[in-house]
Amino acid sequence: MANKPSIPKGTRDFSPLEMARRNHIFDTIRRIFKVHGFLPIETPAMENLSSLMGKYGDEGDKLLFKILNSGDFKALLSPEDLSQTPAGKLGTMISGKGLRYDLTVPFARFVVQHRNELTFPFKRYQIQPVWRADRPQRGRYREFYQCDVDVIGSTSLLNEFELIQIIDEVFTALGLKVVIKLNNRKVLAGIAEVIGAPERMTDITVAIDKLEKIGQEGVLAELEQKGLSQDSIQKLDPLLLMEGSTQEKLEFLKKFLKASEIGNEGLSELGRLLDYVETDPVGADLEFDLTLARGLNYYTGSILEVKSAEVSIGSICGGGRYDDLTGIFGLEGVSGVGISFGADRIYDVLNQLERFPKRATLDTTLLFVNFGETEVKHIIPILGSLRKNGIATELYPEQAKMKKQMTYANSREIPFVALVGEQEIQDGHITLKEMETGKQERLTPEELVERLSSAK
RNA sequence: GUGGAUGUAGCUCAGUAGGUUAGAGUGCUGGAUUGUGGUUCCAGAGGUCGCCGGUUCGAACCCGGUCUUCCACCCCA
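Residues numbered from 1 in each chain as written. Chains lettered and ligands numbered in written order. Predicted model: local features only at pLDDT ≥ 70, side-chain atom pairs only at ≥ 80, totals over all residues. Heavy atoms only, no water.

Undergrad: Account for the domain arrangement of chain A, with residues named and values stated.
TA: Domains assigned within chain A are domain 1 (16-42 + 106-353) and domain 2 (362-455). Just the C-alpha atoms count here: the centres of domain 1 and domain 2 sit 52 Å apart. (Domains from an automatic or database assignment.)

Here it is as C-alpha cells:
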C-alpha cells in the first residue's frame, strides 16, 4: 500500500446516509414524473462520439470525456498527424466513443433509432448520471445525475405548461422555495433581427445573459468587443433598461418587436403559456426573464430555468423546446420539449438548508441480541416471520458482549432491541426494549409482530 | 482552459524567529458494569504533518513541482 486509494477528480463516493437522502430526491422526482404519465428509459453511459460532438457548441465538445479505442490506436495516426494535429483534435482520432454529456441528446438518438416502436407524443423520463470534464467547484461535479422529462412529437404549449407544473410539484414536495425563469428563443431571435444583426443571436444572448452580473455597460462593451455595429448596440440599449412586471415587459417587447415575425411568435407563445398557468397558478415565483439565454444551442422556443430562492448555487433545473434536435440524427420535423433536474445540486441545497426529512436515514427497526447458538436457533424462525410482515430485522452475527451489541444498536439508531435468552426460551416470550425510553416489555412472537407493525 | 487559496489522528481543528518523544476535542478499543446502549470515571491504540524533490547540521514550518479540495473567470445541472 504505497499510496492511499483515491477516486478521480470531481467524482464522489456516497455513504449510506447520503444515499438515503439522494434516494429521497430521486423517489420524489420519479413519483411525480409517473403521475404525469411519463415512461422510463435508460441509455448507455457511453455513446458514439459522432452522436455527441457538435451538439453542445465548441465549449461542450471540449468538456466531453472521450474513451480511448481498444487495440493499437497508434496505428490510426500517421507521423504527420502526431506532429501537426493539435492535441485536442488528436483525441477524437484515437477515440470513437464518449461518456454522455447530458440525457437529451442520447434521448434524441433513442427516438430516431426506435421511432417505429414508439407511440407519439412520446413522454419519457430518464434518471442517470452524466459526465463533464469541467473544473469542479461547489455544486459542479464531473459526474452527476440528471433527471430528465421530455415530450417529443407534440408542439402544444400544454407540454410546457405541464413541465412547469412538474417543477412546482417537485420543489413543493421537497420543501424548497424556487424561482422559475421563463423566456423564449424566438423573442431573442426577434431582438437580433430588429437591431439588424440576425446572424449574431448567440453573441447577443450570451452577452444579455450577463446583464445581472456585469450591468448594462458591461453588456454593451462586450458586444462592441465582439464586433457588433454601433447602430445595433444603440438599438439594443433601451431593452437592457427595461423594468417592471412581466406584463409590462411583454407590452414593451410587443412594440420593440413589432417588425419581427419570429419575435411576435415568441411573444405570443409566452403569453399563451402564461394564460395556461393562470388557470391553476403555481406556488413558485414564475417570472419572464429576458436575460435567460441558456447555453445549449439546440433550443428553439420556450426556455426555462429554476433557481433556489434560498441558496445561491446556479440553476437546479433547466430546459426548453427544441424543434430540430432529432433532425441531426435524420428525423426531421419532430418537436420536443423537456427539462432536467440537477439532483446533485438539489441535494446541496437541501443539505445546506438542513431540510431533509429527519427519518430519511432509518432502516432497521429491530435488532436481536445474540446470546449464543441455542438462542440463535430459537430466534431464526421469528426473524423470518417478522421480515415477512415487512419489519426490517437484524440478528447480531457475533456472540459479543451485551454492551457491544447495545452500542451497535445505538449507533445504528435502531429503535428496538429484542432479547431472547434462556428465560425467554423457556416461557416462549421475547423481551422487547425500546431504545429511546429504555422501557422493556415481554411479548409473544405474535404480539411482537403486532407491536412493531404499528410502530414502524 | 486562465488566475488565486487549501491539505496536520477516522472527524473538527491547534501547533513558525526552522531545534529533543507533534497536541486538543470528538470518535475508536478495553476496564469500572461476566443479560442491557445513550451520562460519568480510568486506561490505551491511532499521525511517513497530501505526495515528490530541494535548501539546511536539522523542515509540519522555507523553496520548487505535483495531486486534492475550494474560490473567481469561462461555462453549466
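Undergrad: An account of the state of the cysteines is requested, with residue identities and associated values reported.
TA: Considering all chains together, one arrives at zero disulfides under this definition. Looking at the unpaired Cys317, the closest cysteine sulfur is the one in Cys147, lying at 9.1 Å. Cys317 sits in the buried class, given a relative accessible area of 2%. (Disulfide = S-S within 2.5 Å. Buried < 20%, exposed > 50% of the residue type's maximum accessible area, 1.4 Å probe, protein only.)

Undergrad: Residue-level account of the sheet that holds strand E1 (residues 39-40), with values.
TA: Strands sit in the order E1-E5-E6-E11-E10-E9-E7-E8 across an open sheet of eight strands; the sheet is mixed. Only two strands of the sheet have a single neighbouring strand rather than two, namely E1 and strand E8 (285-288). Strand direction decides the pairing type here: strand E7 (residues 178-184) and strand E9 (residues 302-308), joined by seven bridges, are antiparallel. Its bridge partner lying in E9, Val178 is registered against Ser308. (Pairing = 2+ DSSP bridges. Helix = DSSP H or I, 4+ residues; strand = E, 2+ residues; numbered from the N terminus.)

Undergrad: Help me get a handle on the pairing of strand E4 (residues 95-99), residues and values and all.
TA: Where strand E2 (residues 46-48) and E4 come together, three bridges link them in antiparallel fashion. Within E4, the position partnered with Asn48 by the bridge is Lys97. Taken together, the three bridges between strand E3 (residues 66-68) and E4 define a ladder with antiparallel strand orientation. By the bridge assignment, Leu68 is partnered in E4 with Ser95.

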